[in-house]
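# What the coordinates show
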Amino acid sequence: MKVRIKFRKYGIMRFIGHLDVMRFFQKAMRRAQIPIAFTGGYSPHMIMSFAQPLGIGLTSDAEYMDIELAGEISSSEALQALNQVMAEGIEVLSFRQIAEDKKSSGMTIVAAADYLVTVKESDSKGQGFPDFWENELKNFLDSPEILIMKKTKRSEKETDIRPLIYQMELREQGMYLKLAAGSEANLKPDLVMDAFYDKSGHDKKEKLHFHRLELYAKNPGSQESRFCTLESLGTDIV
């Protein structure tokens, strides 16, 4: 049985990198006595994969990992057992059964992510972003192309990120972004904000905080919504 776990990452744990988060969950699985399956061979390890690892310094309400079970356990039992051994800064939100095929893995199906961008140490409306940015944001999104220099592991090339910005709007809580994510196309929120500052002619004086709200997969079976959450593709185990 394959299971998708959703968890939030906040507080001091935002400074913990992906490999350390993976090691943390390996220990948590043992302590919580989750019947997780192991690979075969001379060096067996837990079968787990993460949908879209979070960058250091970011917080999130929607991190996902897929595991395979070797035994039975209900969603409610697993949630209680895992949260009893969680460190402060990580909370497990759901534990749901998913389809068995490899094409349904979170790592494979991620297509979009949304974020809330705020100014650090700001208590003002819009979390530090001025109201007149509404017009500048409209001009930014009306641009036929938004070119940036995007770095890869091997090179640096000019990229048009406009098709990768699905939604961007100024809200009372901060700047909301819905961006392409996953293996096919991936856009980081800090690149979008840097491009916005550059195109609008503002000096970036503020220190920004990026908070991931949700991860999405494509929703081809619905005409009403282009995306669906990774959590919605699973069912609770009773």
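Not measured: the values here are computed from a predicted model.

### Thoughts on the pattern of salt bridges
According to the stated counting rule, one finds 11 salt bridges in the structure shown. Across the pair lysine 6 and glutamate 214 runs a salt bridge, and its minimum N-O distance is 3.1 Å. Taken together, the residues span a long stretch of sequence, with lysine 6 in strand β1 (residues 2-9) and glutamate 214 in strand β10 (residues 208-218) at a distance of 208 residues. Neither lysine 6 nor glutamate 214 differs from the other in exposure class; each is buried.

### A short note on the nonpolar core
Among the nonpolar cores identified, the biggest contains 39 residues, and Phe129, Phe140, Ile165, Met168, Met175 and Met193 are the most heavily contacted of them. Those elements that provide at least two residues to this core are β3 (59-68), β5 (110-119), α4 (133-142), β8 (165-171), β9 (174-180), α5 (189-200) and β10. Phenylalanine 129 has contacts with Val117, Thr118, Val119, Leu170, Gly174, Met175, Met193, Tyr197 and Leu208, leaving out every residue within four places of it along the chain.

### Some points on the packing of aromatic side chains
In this structure the tally under the stated criterion is 10 aromatic pairs. Taken together, a centroid distance of 4.8 Å and an interplanar angle of 50 degrees make the contact between phenylalanine 7 and phenylalanine 25 tilted. Placement of the pair is phenylalanine 7 in strand β1 and phenylalanine 25 in helix α1 (residues 18-31), with a sequence separation of 18 residues. Neither phenylalanine 7 nor phenylalanine 25 differs from the other in exposure class; each is buried. On the numbers, 5.6 Å between centres and 80 degrees between planes, the contact of phenylalanine 24 with phenylalanine 25 is edge-to-face. Exposure class is identical for phenylalanine 24 and phenylalanine 25. Each is buried. Cluster of aromatic residues (ring-pair linked, three or more members): Phe7, Phe24, Phe25 and Phe50. The positively charged end of arginine 171 is found above the aromatic ring belonging to tyrosine 176, 3.8 Å away from the centroid.

Analysis parameters
- Residues numbered from 1 in each chain as written.
- Predicted model: local features only at pLDDT ≥ 70, side-chain atom pairs only at ≥ 80, totals over all residues.
- Heavy atoms only, no water.
- Salt bridge = Lys/Arg side-chain N within 4 Å of Asp/Glu carboxyl O.
- Helix = DSSP H or I, 4+ residues; strand = E, 2+ residues; numbered from the N terminus.
- Buried < 20%, exposed > 50% of the residue type's maximum accessible area, 1.4 Å probe, protein only.
- Core = buried A, V, L, I, M, F, W, Y, C linked by side-chain atoms within 4.5 Å.
- Contact = heavy atoms within 4.5 Å.
- Phe/Tyr/Trp six-rings, centres within 6.5 Å; stacked < 30°, edge-to-face > 60°.
- Lys NZ or Arg CZ within 6 Å of the ring centre and 35° of its normal.

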